[in-house]
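# Commentary on secondary and tertiary structure
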Amino acid sequence: MIDAINTSLFTPIGEDGLIGIYLILNGLKVTLIVTFFAMIIGSILGVATTLMKMSSKWYLRWPANFYVSVIRGTPVVVQLVILYFIVLAALDVDKITAAVIAFGLNSGAYISEIIRAGIQAVDKGQMEAARSLGLSQAATMKEVILPQAIKNILPSLGNEFIVLLKETAVIGFIGGVDLMRAGEIIRSRTFEDSVPLFTCALIYLLLTYIFTFMLSKFETRLKQSD
Amino acid sequence: MIKINDLHKSFGDNQVLKGISEQINHGEVVSVIGPSGSGKSTFLRCINLLEQPTQGEIIIDGQSITAAGACVDNLRQKVGMVFQNFNLFPHKTVKQNITLAPVKLKLMTQAQADIEAMALLEQVGLKEKADAYPSSLSGGQKQRVAIARALAMKPELMLFDEPTSALDPEMVGDVLDVMKSLAQKGMTMVIVTHEMGFARDVSDRVIFMDGGVIVEQNEPEALFSNPQEARTQAFLSKVLR
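None of these values were measured; they are calculated from a predicted model. (Residues numbered from 1 in each chain as written. Chains lettered and ligands numbered in written order. Predicted model: local features only at pLDDT ≥ 70, side-chain atom pairs only at ≥ 80, totals over all residues. Heavy atoms only, no water.)

We now examine the sheet that holds strand β8 (residues 188–192) of chain B. Strand pairing in a sheet relies on backbone hydrogen bonds, with the paired strands running either antiparallel or parallel. Residue and element names in this part refer to chain B. Taking strand neighbours across the sheet as the criterion, the 6 strands line up as β6-β7-β8-β3-β9-β10 in an open arrangement whose pairing is mixed. Since the sheet does not close on itself, it has two edges, and those belong to β6 (79–82) and β10 (213–218), each with one partner. Averaged over all pairs of adjacent strands, the angle between strand axes in this sheet comes to 20°, irrespective of strand direction. Here 4 bridges tie β6 to strand β7 (residues 157–161), and the two strands are oriented parallel to one another. Bridge pairing in β7 links Gly 80 to Met 158. (Pairing = 2+ DSSP bridges. Helix = DSSP H or I, 4+ residues; strand = E, 2+ residues; numbered from the N terminus. Axes fitted to C-alpha atoms, helices over the stretch in contact; angles between N-to-C directions.)

In C-alpha cells:
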C-alpha cells in the first residue's frame with residue numbers, strides 16, 4: 001500500500017521525471033479554473049437566456065429555446081469535442097479556454113431552466129396582487145417575484161455548480177490535463193490502479209463537500225430573513 | 001362610474017361569460033352571488049383586466065379600459081382588489097406590503113406612506129402587527145392587511161373576490177366588519193361572496209349570476225325574499241337554510 005502510494009505519487013513516473021502528485025495538483029488547478037470560469041459564463045448566459053425565453057418576441061424566444069434543447073439533448077462530452085475539434089479548430093484556441101466555453105455554454109442552458117422554474121414556482125397570485133395595485137410588469141418582477149424566486153433558485157443553482165465541477169472530468173477527451181486525466185496518466189505509466197483513481201475520487205469528494213457546506217451556510221443565512 | 005357592455009370571456013372553448021351588461025354607480029355596494037362556475041369571479045377579474053375580455057367594453061369614469069392602447073396600470077391604481085387567498089407579499093412586513101405600491105409609483109414618499117399605512121392598519125385593527133411578516137398572521141388578519149394594502153392606493157372602486165371563503169369561520173366576522181365600515185364610508189364596492197347574510201345587510205343591490213349571465217338582480221330584501229326567476233329560487237333555497 002505504502003509502496004503503491006510512493007510509486008504513483010511521490011517518485012518520478014517516467015523518463016521525463018514527472019512526479020505524480022505534481023501532475024495531480026496541476027490537474028486540480030485546471031479543474032478548478034475551468035469550473036470557476038464556466039460558472040461565471042454559465043450564470044451570465046443563464047440569466048440572458050431566461051430573459052429571452054420570457055420575452056414576448058418570438059425572435060428572442062426561439063433561439064433561446066433552441067439553445068436550451070440542443071444543450072440538454074446532447075451529452076456534454078460530445079459538445080466539448082465538437083466545440084474544440086470543429087467549431088474552434090480554425091481559431092487556435094487552447095484547451096482550457098475551449099473547455100471553459102464548452103462547460104459555460106452547457107451550464108448556461110441548465111441555469112436558465114433553474115431560474116425559469118424558480119420564477120414559475122412563485123404563486124401566480126403574487127403577480128396578480130402586484131399588478132392589481134398598479135405596479136408594472138418590470139416593477140412586479142423586481143420587487144415581488146424575483147426576491148421570492150431567488151430562494152427557490154439558490155439551492156438548485158448550488159447543485160448545478162457541483163454537477164458542473166464533476167462533469168469537467170471529461171476534459172481529457174480534448175487532451176486537456178485536468179484532475180481526472182492526471183490520474184489516468186499516472187495509472188497508465190505506473191500500472192497502479194487504486195491509488196491514482198482513489199486519490200482523484202477523494203479530491204472530487206472533498207471539493208464537493210466543501211462546496212455543499214458553504215452553500216448550506218449561505219442558505220441558513222437566507223432563511224433567517226424569513 | 002363603471003359601465004360594462006356585452007362582456008364575453010372564453011377560456012379556449014369554454015365560454016365563461018356570455019354577454020354581461022351592467023352599470024355600477026359611484027358609492028354603490030353591489031354583491032354578486034351565484035353557484036360556483038357561474039362566472040362571477042371571472043366577471044370581477046375582468047373589471048381590472050386580470051382577465052382580458054374576449055369581447056365587450058368596460059368603461060370606467062368615461063374611459064374605455066378595453067380599448068387598444070388603454071393604460072392598464074393607471075386604471076388599476078384606481079381599482080383596488082382583494083383576493084380569496086390574500087396574496088400578501090411574504091418577503092415583506094405588513095407595513096412594507098402596504099407602502100410598496102404607493103412609494104414605487106411615486107404617489108407618496110416613504111415617510112408619508114408609513115404614516116398612511118399606520119392609519120390604515122388602525123382602521124382594520126392591526127396596528128400592532130405593522131412590523132410582523134405575513135406568515136405570522138392568521139387568515140383573517142392577512143385579509144384585513146390585504147384590504148389595507150388595496151386602500152393605500154386610494155382607489156375609487158374596490159373589488160372583493162370571495163374575501164372570506166378561505167377563512168376559518170371565527171375569522172370571517174372581523175373581515176366583514178372592516179368591509180362593512182368601508183361601505184358605510186361610501187366606498188364603491190363590488191363583492192363576489194357566499195356570505196348571504198352579509199350581502200343582504202350591506203349591499204345596495206344584489207346580482208345573481210348563473211351560466212355566465214346575470215339571471216336576476218334587485219335590492220337585497222327583494223331578491224332574497226321574493227326571487228323572480230326559477231334558477232334564483234333554486235339557488236337561494238339551497239343556500240338559505
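What follows picks up the thread again.
Residue and element names in this part refer to chain A. Helix α5 (residues 95–120) packs onto helix α2 (residues 20–54) with a crossing angle of 45° between their chain directions and a minimal axis gap of 5 Å. Of the possible angle classes, the one that applies to α2 and α5 is oblique. Once α2 is placed against α5, the crossing between them reads as right-handed. (Parallel < 35°, antiparallel > 145°, perpendicular 65-115°, else oblique. Left-handed = near helix turned anticlockwise from the far one by under 90°.)

On to the side chain of A:Gln126, then. Among the secondary structure elements, A:Gln126 is positioned in helix α6 (residues 124–132). A polar atom in the side chain of A:Gln126 sits 2.8 Å from the backbone oxygen of B:Leu88. With residues near it in sequence (within four places) discarded, A:Gln126 still touches A:Val144, A:Ile145, A:Gln148, B:Asn87, B:Leu88, B:Phe89 and B:Pro90. (Polar contact = N/O pair within 3.5 Å; in protein donor to acceptor, adjacent residues only side chain to side chain. Contact = heavy atoms within 4.5 Å.)

Attention now moves to the UniProt feature "domain: ABC transporter" (unreviewed entry) in chain B. This chain's UniProt record puts "domain: ABC transporter" (unreviewed entry) on residues 2–236 of chain B. End C-alpha atoms of residues 2–236 of chain B are separated by 27 Å, and the span's content is 38% helix alongside 26% strand. (UniProt positions renumbered as here; feature names shortened; annotations may be inferred.)

What follows concerns the pattern of salt bridges. All names here are of chain A. Applying the stated criterion across every chain, the model contains 23 salt bridges over all chains. Where Glu 184 meets Arg 187, a salt bridge forms, and the shortest distance between an N and an O atom there is 3.0 Å. Separated by 3 residues within a single helix, Glu 184 and Arg 187 lie in helix α8 (residues 179–190), roughly one turn from each other. Three or more residues joined by partner-sharing salt bridges are found here, namely Lys 53, Arg 72, Glu 113 and Arg 116. (Salt bridge = Lys/Arg side-chain N within 4 Å of Asp/Glu carboxyl O.)

Residues and elements named next belong to chain B. Pairing is antiparallel in the open sheet, where 4 strands are placed in the order β2-β1-β4-β5. Each edge of the sheet is formed by a strand with only one pairing partner; in this case those strands are β2 (14–24) and β5 (63–64). Pairing analysis gives 5 bridges linking strand β1 (residues 2–11) to strand β4 (residues 55–60), with the strands arranged antiparallel. Bridge pairing in β4 links His 8 to Gln 55. Contacting β1, β2 and β4, helix α1 (residues 40–47) runs over the sheet at an angle of about 120° to β1.

Time to look at the pairing of β4(B). Residue and element names in this part refer to chain B. Where β4 and β5 come together, 2 bridges link them in antiparallel fashion. Bridge pairing in β5 links Ile 59 to Ser 64. Remark: 2 residues form the turn of the hairpin made by β4 and β5, two consecutive strands paired antiparallel; Asp 61 in that turn has positive phi of roughly 50°.

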